[in-house]
Amino acid sequence: MDLLDAARAVFPNAYAPYSKFNVGAAVRTRNGTVFQGVNVENAAYPEGTCAEAGAIAAMCAAGEREIVEVAVIADCPEPVPPCGGCRQKLAEFAGRDVKVTLATIQGKTLETTVGGLLPGGFDASFMET
Ligand code: THU
């Protein structure tokens, strides 16, 4: 399954009544399974969650822990840049070289990597003594 197609398929299901900014995300895991997510907002604004976080949560609930590809899509002029928190969340489960496709509903795409999104990121190795 094309991962961008998977992100596009759930994009209309985003719950974004406050920002009106739907986002769809999909992650592929080592064994080939695809998990999708959408942003889910809340009347108490900080309680909202991003599409990437939803896909990661679904992956973890299925018992998987290794992301090998990521795709994110939104309706915006340029391919949607994941927020800082989602860059960190993706880096928890994906190596630096993992491909990330950022896209617009209108058809623009930008390819990058998890390391490209989060250079110099914090990880568990910094807690080793
Ligand atoms: N959002 C995502 O779900 N993922 C991103 O990569 C960027 C932003 C959501 C959060 C919020 O529901 C809306 O987009 C506007 O910030």
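Reading the values: rules and limits
- Residues numbered from 1 in each chain as written.
- Predicted model: local features only at pLDDT ≥ 70, side-chain atom pairs only at ≥ 80, totals over all residues.
- Heavy atoms only, no water.
- Buried < 20%, exposed > 50% of the residue type's maximum accessible area, 1.4 Å probe, protein only.
- Helix = DSSP H or I, 4+ residues; strand = E, 2+ residues; numbered from the N terminus.
- Pairing = 2+ DSSP bridges.
- Near = heavy atom within 4 Å.
- Polar contact = N/O pair within 3.5 Å; in protein donor to acceptor, adjacent residues only side chain to side chain.
- Areas by Shrake-Rupley, 256 points an atom, 1.4 Å probe, with all protein chains shown as cover.
- Axes fitted to C-alpha atoms, helices over the stretch in contact; angles between N-to-C directions.
- Contact = heavy atoms within 4.5 Å.

*Asks:* I tried to follow the pairing of strand S2 (residues 34–38) on my own but got confused; where do I start?
*Replies:* Within S2, four of the five residues are buried, leaving the element largely enclosed by the surrounding structure. Here strand S1 (residues 23–29) hands over to S2 after four residues, with Gly-32 in that stretch at a positive phi of 95°.

*Asks:* Honestly, the site of the ligand in this entry has me stumped. Any pointers?
*Replies:* Within the structure, the ligand sits among Ser-19, Phe-21, Val-23, Asn-39, Glu-41, Cys-50, Ala-51, Glu-52, Pro-81, Pro-82 and Cys-83. Residue Glu-52 places a side-chain N or O atom 2.5 Å away from an oxygen atom belonging to the ligand. If the ligand stood free it would expose 380 Å²; the protein chains cover 76% of that surface.

*Asks:* Explain the sheet that holds strand S5 (residues 109–113) here, please?
*Replies:* Hydrogen bonds between backbone atoms are what pair the strands of a sheet, whose relative direction is either parallel or antiparallel. Sheet architecture is open: five strands sit in the order S2-S1-S3-S4-S5, paired in mixed fashion. Each edge of the sheet is formed by a strand with only one pairing partner; in this case those strands are S2 and S5. Each strand of the sheet is rotated relative to its neighbour by a mean of 15°, with strand direction disregarded. Where strand S3 (residues 67–74) meets strand S4 (residues 94–104), seven bridges bridge the pair, whose relative direction is parallel. The residue bridging Ala-74 from the neighbouring strand is Thr-104, located in S4. Seen against the sheet, helix H3 (residues 84–93) touches S1, S3 and S4 and runs at an angle of roughly 135° to S4.

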